[in-house]
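Fold and geometry: a report
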Amino acid sequence: MGFLQRLKDGLKKTKAGFVNKVSNIFTGRTNIDDELFEELEEVLIQADVGVKTTFTLIEKLKEDVEKEEITEPEELMKYFQKELKSLLQNDEGGFNFENDLNIIMVVGVNGAGKTTTIAKIAGRHKEEGKKVMLAAGDTFRAGAIEQLQIWGDRLGVNVISQQEGSDAAAVAYDAVQSARAKGVDLLIVDTAGRLHTQTNLMEELKKVKRVIDREAEAIKAGVEVLLVLDATTGQNAISQAKLFNDAVDVDGVALTKLDGTAKGGIVIAVKNELQIPIKLIGVGEAAEDLQNFDPEEFIEALFSNEE
Ligand SMILES: Nc1nc2c(ncn2[C@@H]2O[C@H](COP(=O)(O)OP(=O)(O)O)[C@@H](O)[C@H]2O)c(=O)[nH]1
Ligand SMILES: [Mg+2]
């Protein structure tokens, strides 16, 4: 299956639950009236686009109607897609590594998809011929260390770990040293995501980040923080993102499980309410289902008439 087909398949639920409703609003009437905008507003909010972003979109559409003298609802739908695309612009999908050693610190709550996303990123870069290393920084659960180790074995990638309960910042420190010594191109650091002790978690993550930043600066390694968000958690994902961003300055988001929700509008909310670029989207469990985010392709896949 090709890349675009995977994207389309992964967005099926959103297409059925959101895009088709939007289409019906534009095709099922002859006039552009207040009712059209009210219905659209409702559908957008239901699809997790977020209140603020929904209002922005509606305002822009009303401006388009005036400026372009649009009278046909169906024509306005083209402007709707155009405005969606422009709201998602400036997102550079994927990674742009510029240093000899590049470090990605991966954060997010338990179950968001951190470990699987790490494995997918690692696998992809290994295939491209890069030397990849993983660090088992979720020291809170023995299961998490083991899970990463299994992925490492499967992918043929080194995993730096210590035992359960050890200091995550110490694991990160070891990993950066080892990565440098072994000439690694990409080091990906897993972290804990337990939420019942939120303050402790954020303090721990800050410490890990401080250590990574300090060690990276000394050897001119690149560092970025990737926040993994589960698209099926809707507006919750947005509040989580604010917490993580306050603690560790998030550079990019990986939005997983888009295949599991009809509310793909969350993509637009993440971009606009958080102002954090979406780098990756997950549209399924297979490695190929983690894709670099491309707004153009995303909108095409959503609105295309073909299955
Ligand atoms: N359907 C679907 N499942 C995903 C996706 N990404 C991750 N998962 C699943 O989400 C579950 C939790 O993932 P895990 O990586 O262990 O989360 P962590 O606790 O954040 O490390 C696993 O069963 C993954 O297979 C995705 O894009 N689509
Ligand atoms: Mg994990």
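What counts, and at which threshold
- Residues numbered from 1 in each chain as written.
- Chains lettered and ligands numbered in written order.
- Predicted model: local features only at pLDDT ≥ 70, side-chain atom pairs only at ≥ 80, totals over all residues.
- Heavy atoms only, no water.
- Helix = DSSP H or I, 4+ residues; strand = E, 2+ residues; numbered from the N terminus.
- Rg over C-alpha atoms; globule rule 2.2 N^0.38 Å.
- Buried < 20%, exposed > 50% of the residue type's maximum accessible area, 1.4 Å probe, protein only.
- Contact = heavy atoms within 4.5 Å.
- Areas by Shrake-Rupley, 256 points an atom, 1.4 Å probe, with all protein chains shown as cover.
- Lys, Arg positive; Asp, Glu negative; His and termini not counted.
- Charge placed at Lys NZ, Arg CZ, Asp CG, Glu CD.
- Near = heavy atom within 4 Å.
- Polar contact = N/O pair within 3.5 Å; in protein donor to acceptor, adjacent residues only side chain to side chain.
- Nonpolar A, V, L, I, M, F, W, Y, C, P; charged D, E, K, R; others polar.
- Pairing = 2+ DSSP bridges.
- Right-handed = clockwise from strand over helix to strand, strands pointing away.
- Salt bridge = Lys/Arg side-chain N within 4 Å of Asp/Glu carboxyl O.
- Axes fitted to C-alpha atoms, helices over the stretch in contact; angles between N-to-C directions.
- Parallel < 35°, antiparallel > 145°, perpendicular 65-115°, else oblique.
- UniProt positions renumbered as here; feature names shortened; annotations may be inferred.

It is worth spelling out the overall build of the chain at this point. When you go through the chain residue by residue, the secondary structure sums to 12 helices and eight strands. Over its C-alpha atoms the chain spans a radius of gyration of 21 Å, differing by no more than 12% from the 19 Å that the globule rule assigns to 307 residues. Seen through its C-alpha atoms, the chain measures out along the principal axes to roughly 65 × 40 × 35 Å. When burial is assessed residue by residue, the chain has 53% of its 307 residues classed as buried. Summarising the internal contacts of the chain: among those between residues at least 6 apart in sequence, 76% fall at separations of at least 24. With the model as given, the accessible surface of the chain reaches about 13,900 Å², and the carbon-plus-sulfur share is 44%. Treating the 36 positive side-chain charges of the chain as one cloud and the 54 negative ones as another, the clouds have centres 6 Å apart.

Structural remark: α-helix, 3.6 residues per turn; residues separated by three or four positions point the same way. With respect to burial, helix α11 (residues 266–274) is a largely interior element, nine of its nine residues being buried. Within α11, the full set of buried residues consists of I266, V267, I268, A269, V270, K271, N272, E273 and L274. Positive backbone phi, at 60 degrees, marks Q275, one or two positions downstream of α11.

To continue, consider the site of ligand 1. Every one of the 16 residues lining ligand 1 counts as a neighbour, but G111, K114, T116, D259 and E285 are closest to it. A112 places a main-chain nitrogen or oxygen 3.3 Å from an oxygen atom of ligand 1. Protein burial of ligand 1: of its 590 Å² of free accessible surface, 80% is covered by the chains. It is helix α6 (residues 114–127) that provides the largest number of residues to the shell around ligand 1, a total of three residues. Along the lines of polarity and charge, the residues of the shell around ligand 1 split into three nonpolar, nine polar and four charged.

Burial of strand β5 (residues 222–230) is extensive: eight of the nine residues sit out of reach of the surface. Of the strand pairs in this sheet, strand β1 (residues 102–107) and β5 are connected by six bridges, and their pairing is parallel. Opposite I104, over in β5, you have E224 as the bridge partner. Bridging between β5 and strand β6 (residues 252–256) involves five bridges; their strand directions are parallel. Counted as the bridge partner of V228 is A254 from β6. Viewed along the sheet, the connection from β5 through helix α10 (residues 235–248) into β6 turns out right-handed.

A word on the environment of Q177. Among the structural elements, Q177 can be located in helix α8 (residues 168–181). Distance from Q177 to I188, taken between C-alpha atoms, is 13 Å for residues 11 residues apart in sequence.

It is worth spelling out the pattern of salt bridges at this point. Taken as a whole, this structure holds 17 salt bridges when the rule is applied. Connected via shared salt-bridge partners are R29, D33, E35 and E39.

It is at 9 Å that the axes of helix α2 (residues 12–27) and helix α12 (residues 295–303) come closest, and there the two elements cross at 80 degrees. Between α2 and α12, the crossing angle belongs to the class labelled roughly perpendicular. Contact residues: α2 offers T14, K15 and V19, while α12 offers A301, L302 and F303.

Within the open sheet, the eight strands sit side by side as β3-β2-β4-β1-β5-β6-β7-β8. Their pairing is mixed. Single-partner strands in this sheet number two, and they are β3 (158–160) and β8 (290–292). Going across the sheet, the axis of each strand differs from the next one's by a mean of 25 degrees, ignoring polarity. Across the face of the sheet, α10 comes into contact with β1 and β5 while running at roughly 160 degrees to β5.

Following the UniProt record, one finds the feature "domain: SRP54-type proteins GTP-binding" (unreviewed entry) at residues 277–290. Between the end C-alpha atoms of residues 277–290 there is a gap of 16 Å, over a span that is 0% helix and 43% strand.

Our focus in this paragraph is unusual backbone geometry. With a phi close to 55 degrees, K220 is a non-glycine residue in the positive phi region. Checked against the element boundaries, K220 lands in the loop between α9 (198–218) and β5.

The buried count for strand β7 (residues 278–282) comes to five of five residues, which makes it a mostly enclosed element. In this structure, β6 lies alongside β7, joined through three bridges in parallel fashion. Its bridge partner being in β7, L255 is matched across the sheet by I281. Following the chain from β6 across α11 to the adjacent parallel β7, one finds a crossover that is right-handed.

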